[in-house]
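Understanding the architecture of this molecule
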Amino acid sequence: VITGPNGSGKCIAGEQKIFLLGEEVEVKRFFEKIYEEKKNILLTTDEAEYLISLELPALPSLEERQHKLIFSKPLAIMKKKYNGTILEIIGENGSKIRVTPEHKVLSEQGWKNAKDLNLGIRMLSFGELKTDWEKICEIKTIKYIGDVYDIYLSRQHNYLIGEYGIVVHNSN
């Protein structure tokens, strides 16, 4: 599970896949598809764009107390320009996520900033739709210039990314 404070740049890379009902899609393609449907409101600020739609599909998210999957409809998708470092975190089961360094990751030792993770630490994943503590086996630092995204869910405030469903948490 990954989280961070509002305004901290806590985002996922545009090519990062998210889980929808029955499929995976890149978050940037998800944003573009919803925008093209013209059944939405686009709120633009100096820092980001917020796409608000009543017709967003439900995403799987973690009910944290019982560690089970539920489905929640997002309230909005945020997109902003980013020029900085992305961390690619690779787990022993093959999961791979690309996030900004300010994300906090729920490890077996508690919450840690992504930039403070070490090899061997275990992070929560949803491999084969069951919770699992997956050991980090590689962390790459990548220079990234492009759009980054976050998705806002009202009930659980988290969603799944990567092939094995690492749980990421939005802070709003």
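Residues numbered from 1 in each chain as written. Predicted model: local features only at pLDDT ≥ 70, side-chain atom pairs only at ≥ 80, totals over all residues. Heavy atoms only, no water.

Description of the confidence of the model for the protein
On average, residues of the protein score 83 in pLDDT, and 89% of them are at 70 or above. Predicted confidence is poor over residues 1-8, with pLDDT under 50, and the contacts of this stretch with residues over four places away or in other chains come to 31 contacts. (pLDDT = per-residue confidence, 0-100. Contact = heavy atoms within 4.5 Å.)

Considerations on the environment of Gln 16
Assignment of secondary structure puts Gln 16 in the loop between strand E2 (12-13) and strand E3 (17-20). Separated by 12 residues in the primary sequence, Gln 16 and Lys 28 place their C-alpha atoms 8.0 Å from one another. When sequence neighbours within four positions are dropped, the list of residues in contact with Gln 16 reads Val 25, Glu 26, Val 27, Lys 96, Ile 97, Arg 98, Ile 161 and Gly 162. A distance of 2.8 Å separates the side chain of Gln 16 from the backbone nitrogen of Arg 98, its partner in a polar contact. (Helix = DSSP H or I, 4+ residues; strand = E, 2+ residues; numbered from the N terminus. Polar contact = N/O pair within 3.5 Å; in protein donor to acceptor, adjacent residues only side chain to side chain.)

Some remarks on the nonpolar core
Formed by 29 residues in total, the largest nonpolar core has its most connected members in Ile 18, Phe 30, Ile 89, Ile 151 and Tyr 159. For Ile 89, the contacting residues outside a window of four places in its chain are Ser 95, Lys 96, Ile 97, Val 99, Ala 114, Leu 117, Met 123, Ile 136 and Glu 138. If you look at the next biggest cluster of nonpolar residues, it comprises 10 residues, including Ala 13, Met 78, Ile 86 and Tyr 144. (Core = buried A, V, L, I, M, F, W, Y, C linked by side-chain atoms within 4.5 Å. Buried < 20%, exposed > 50% of the residue type's maximum accessible area, 1.4 Å probe, protein only.)

Some points on helix H1 (residues 27-36)
All of the buried residues in H1 are Val 27, Phe 30, Phe 31 and Ile 34. Seen end-on, H1 carries its buried residues on one side only, within an arc spanning 100°. Residues of H1 that are exposed and point over 90 degrees away from its buried face: Lys 33 and Glu 36. Following H1 by one or two positions, Lys 38 has its phi on the positive side, about 55°. (Arc of directions from axis to C-beta.)

Side note on the pairing of strand E5 (residues 40-44)
The sheet contact formed by E5 and strand E6 (residues 49-53) spans five bridges and is antiparallel. What sits directly across from Thr 44, in E6, is Glu 49. (Pairing = 2+ DSSP bridges.)

Notes on the pairing of strand E8 (residues 68-72)
Here five bridges tie strand E7 (residues 59-63) to E8, and the two strands are oriented antiparallel to one another. Within E8, the residue paired with Pro 60 across the bridge is Phe 71. In textbook terms, the turn of a hairpin is the stretch between consecutive antiparallel strands, and for E7 and E8 this stretch comprises four residues, one of which, His 67, has a positive phi near 50°.

Here's the deal with the packing of aromatic side chains
Throughout the structure, instances matching the rule amount to three aromatic pairs. Relative to Tyr 152, the ring of Tyr 50 has its centre 6.2 Å away and its plane inclined at 25°; by these criteria the two rings are stacked. On the criterion of sequence distance, the pair formed by Tyr 50 in strand E6 and Tyr 152 in strand E14 (residues 132-153) is long-range, its members being 102 residues apart. On the basis of relative accessible area, Tyr 50 is assigned to the partly exposed category, the value being 25%. Judged by relative accessible area, Tyr 152 falls into the buried class, the value being 10%. With a centroid separation of 6.4 Å and 45° between ring planes, the pair formed by Tyr 82 and Tyr 144 is classed as tilted. (Phe/Tyr/Trp six-rings, centres within 6.5 Å; stacked < 30°, edge-to-face > 60°.)

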